[in-house]
Amino acid sequence: AQSVTQLDSQVPVFEEAPVELRCNYSSSVSVYLFWYVQYPNQGLQLLLKYLSGSTLVKGINGFEAEFNKSQTSFHLRKPSVHISDTAEYFCAVRGPPGGGNKLTFGTGTQLKVEL
Amino acid sequence: ETGVTQSPTHLIKTRGQQVTLRCSSQSGHNTVSWYQQALGQGPQFIFQYYREEENGRGNFPPRFSGLQFPNYSSELNVNALELDDSALYLCASSFGGKINIQYFGAGTRLSVL
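Residues numbered from 1 in each chain as written. Chains lettered and ligands numbered in written order. Predicted model: local features only at pLDDT ≥ 70, side-chain atom pairs only at ≥ 80, totals over all residues. Heavy atoms only, no water.

Enquirer: Just checking my understanding: could you explain the pairing of strand 6 (residues 44–50) of chain A for this structure?
Expert: Note on strand geometry: in a regular strand, side chains alternate between the two faces of the sheet. Residues and elements named next belong to chain A. By the criterion of burial, strand 6 is predominantly enclosed, with five of the seven residues buried. In the sheet, strand 5 (residues 32–38) pairs with strand 6 via six bridges, with the strands oriented antiparallel. Looking at strand 6, one finds that F34 is bridged to K49. Counting the residues between successive antiparallel strands, the hairpin from strand 5 to strand 6 contains five residues, one of them, N41, with a positive phi of roughly 60 degrees. (Buried < 20%, exposed > 50% of the residue type's maximum accessible area, 1.4 Å probe, protein only. Helix = DSSP H or I, 4+ residues; strand = E, 2+ residues; numbered from the N terminus. Pairing = 2+ DSSP bridges.)

Enquirer: When you look at the interface of chain B and chain A in this model, what are you seeing that I'm missing?
Expert: How big an interface is tends to be stated in terms of the accessible area lost upon association of its parts. At the junction of the two partners, chain B supplies 20 residues and chain A supplies 19 residues. Summed over the shared surface of chain B and chain A, the number is zero salt bridges. At the boundary of chain B and chain A, one finds three residue pairs in polar contact (both at pLDDT 80 or more). For the side of chain B that touches chain A, the secondary-structure elements that each account for two or more residues are strand 4 (31–37), strand 5 (44–50), strand 9 (87–94) and strand 10 (103–104) of chain B. Of the residues belonging to the side of chain B that touches chain A, the class tally is ten nonpolar, nine polar and one charged. (Contact = heavy atoms within 4.5 Å. Salt bridge = Lys/Arg side-chain N within 4 Å of Asp/Glu carboxyl O. Polar contact = N/O pair within 3.5 Å; in protein donor to acceptor, adjacent residues only side chain to side chain. Nonpolar A, V, L, I, M, F, W, Y, C, P; charged D, E, K, R; others polar.)

Below is the structure:
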């Protein structure tokens, strides 16, 4: 079984500052990793995904994440945030094919960008 | 826009009633997954359907049931509603197969009074 821990429930940051949202996962098998963003009163939008290959993954809206197998982490970063990045961010893990296709989500990190 | 549409957007029911939520998948997708997101929590997997057959289920009681139709649209049915069923219900469609990237709809907000 997989699990996801998002270490920060809330992250306040000033506009144009860098930000890192932390995600650690637990799994005994290889996994696929995802970051989704949820704006108020909306569903989830896929930001980026790690399936295999390069450990640095680039996504939409200037976000990127780095897969670190030894530390079982998949932290999300953005070098300069904008007020429009204010949203809830969810890290999710999925097991390999044949092990079930469900996504296991963390509890989310609320990113609040201030002027 | 993911091309995944859910209806209705909001719903109010009373305890003990039954509810049906609907989901229209993105064109070309043959797999649908349903998730429950309680307030302040991450989404929890309810079940998944692949080509009209249940293909995995999370830790939810049998009063949560589903259907997938030949056009790959889907329904989530919940019987004997309880107060704790109040949540945002999310539908995600995908092509299935090895990668199976899931794309989410905007959800249905269910309030049980």
